[in-house]
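Now for the letters of each chain:
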Amino acid sequence: MQPTDVILASGRQYQVHYDDNTGALTGVTTPTLAVHEFSRVSSLGVDRLVYRPPSSVRSTAAYIQYRDSIGRVVQVDLPL
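This is a predicted model, so every value here is computed, not measured. (Residues numbered from 1 in each chain as written. Predicted model: local features only at pLDDT ≥ 70, side-chain atom pairs only at ≥ 80, totals over all residues. Heavy atoms only, no water.)

Chemist: Pulling in residues and values, what's your account of the sheet that holds strand E5 (residues 46-52)?
Modeler: Note: strands within a sheet are paired through backbone hydrogen bonds, in either parallel or antiparallel orientation. Strands sit in the order E1-E2-E3-E4-E5-E6-E7 across an open sheet of seven strands; the sheet is antiparallel. Each edge of the open sheet carries a strand with a single partner, namely strand E1 (5-7) and strand E7 (73-77). Neighbour to neighbour, the strand axes of the sheet diverge by 15 degrees on average, direction disregarded. The sheet contact formed by E1 and strand E2 (residues 13-18) spans three bridges and is antiparallel. Among the inter-strand pairings, Ile7 is bridged to a residue of E2, identified as Gln13. (Pairing = 2+ DSSP bridges. Helix = DSSP H or I, 4+ residues; strand = E, 2+ residues; numbered from the N terminus. Axes fitted to C-alpha atoms, helices over the stretch in contact; angles between N-to-C directions.)

Chemist: Which residues make up the pattern of salt bridges, and what are the values?
Modeler: On inspection of all chains with the given rule, the structure shows two salt bridges. Notably, a salt bridge pairs Asp47 with Arg40, separated by 2.7 Å at the nearest N-O pair. We note a salt bridge from Arg72 to Asp68, for which the minimum N-O separation is 2.7 Å. Residue classification places Arg72 among the exposed positions, given a relative accessible area of 51%. (Salt bridge = Lys/Arg side-chain N within 4 Å of Asp/Glu carboxyl O. Buried < 20%, exposed > 50% of the residue type's maximum accessible area, 1.4 Å probe, protein only.)

Chemist: I'd like a description of the pairing of E7, backed by residues and values.
Modeler: Note that strand E6 (residues 63-67) and E7 share four bridges and pair antiparallel. Directly across from Gln65, in E7, lies its bridge partner Val76. Counted along the chain from E6 to the antiparallel partner E7, the turn is five residues long, and its residue Gly71 has a positive phi close to 90 degrees.

Chemist: Now, about the packing of aromatic side chains: what can you tell me, with residues and values included?
Modeler: Any pair of aromatic rings gets described here by the distance separating the centres and the angle formed by the planes. The tally for this structure, following the rule as stated, stands at two aromatic pairs. Three or more aromatic residues joined by ring pairs make a cluster, and in this case those are Phe38, Tyr51 and Tyr63. (Phe/Tyr/Trp six-rings, centres within 6.5 Å; stacked < 30°, edge-to-face > 60°.)

Chemist: Before we move on, can you summarise the environment of Val74 with the specific residues and values?
Modeler: On the secondary structure map, Val74 appears in strand E7. With 22 residues separating them along the chain, Val74 and Arg52 place their C-alpha atoms 20 Å apart. Once you skip the residues sitting within four places of it in the chain, Val74 turns out to touch Tyr66, Arg67 and Asp68. (Contact = heavy atoms within 4.5 Å.)

Chemist: Could you give an account of a nonpolar patch on the surface, naming the residues involved and the relevant values?
Modeler: On the surface, Tyr63, Val73, Val76 and Leu78 cluster together into a nonpolar patch covering about 370 Å² of accessible area. Its place among the elements puts Tyr63 in strand E6. Looking at Tyr63, the relative accessible area reads 38%, which means it is partly exposed. (Patch = residues over 30% accessible without salt bridge, like charges linked within 9 Å, V, L, I, M, F, W, Y side chains within 5 Å. Areas by Shrake-Rupley, 256 points an atom, 1.4 Å probe, with all protein chains shown as cover.)

Chemist: Now, about the pairing of strand E4 (residues 35-43): what can you tell me, with residues and values included?
Modeler: Along a regular strand, successive side chains alternate from one face of the sheet to the other. As defined by bridge partners, strand E3 (residues 25-29) adjoins E4 across three bridges and the pair is classed as antiparallel. Bridge pairing in E4 links Gly27 to Glu37. Linking two consecutive strands that pair antiparallel, namely E3 and E4, is a turn of five residues; a positive phi of about 70 degrees is found at Leu33 within it. Taken together, the seven bridges between E4 and E5 define a ladder with antiparallel strand orientation.

Below, the structure is given as structure tokens:
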């Protein structure tokens, strides 16, 4: 079982969200209710790792990293 809540010594609480099917990390909610989203898409030797910061969860702005089949970064797209 994976943790769904992380409470720091300061008392601040973070909620951690996972995909029900794969168990992959999909998001973190901060104490201010800001949501950080994560996703991964794999296809034919390329993994696309996507991070959407809180200000862009509902927009198309995202940090995208492409990795080859052995994990080397081959391209990085930054939000506009």
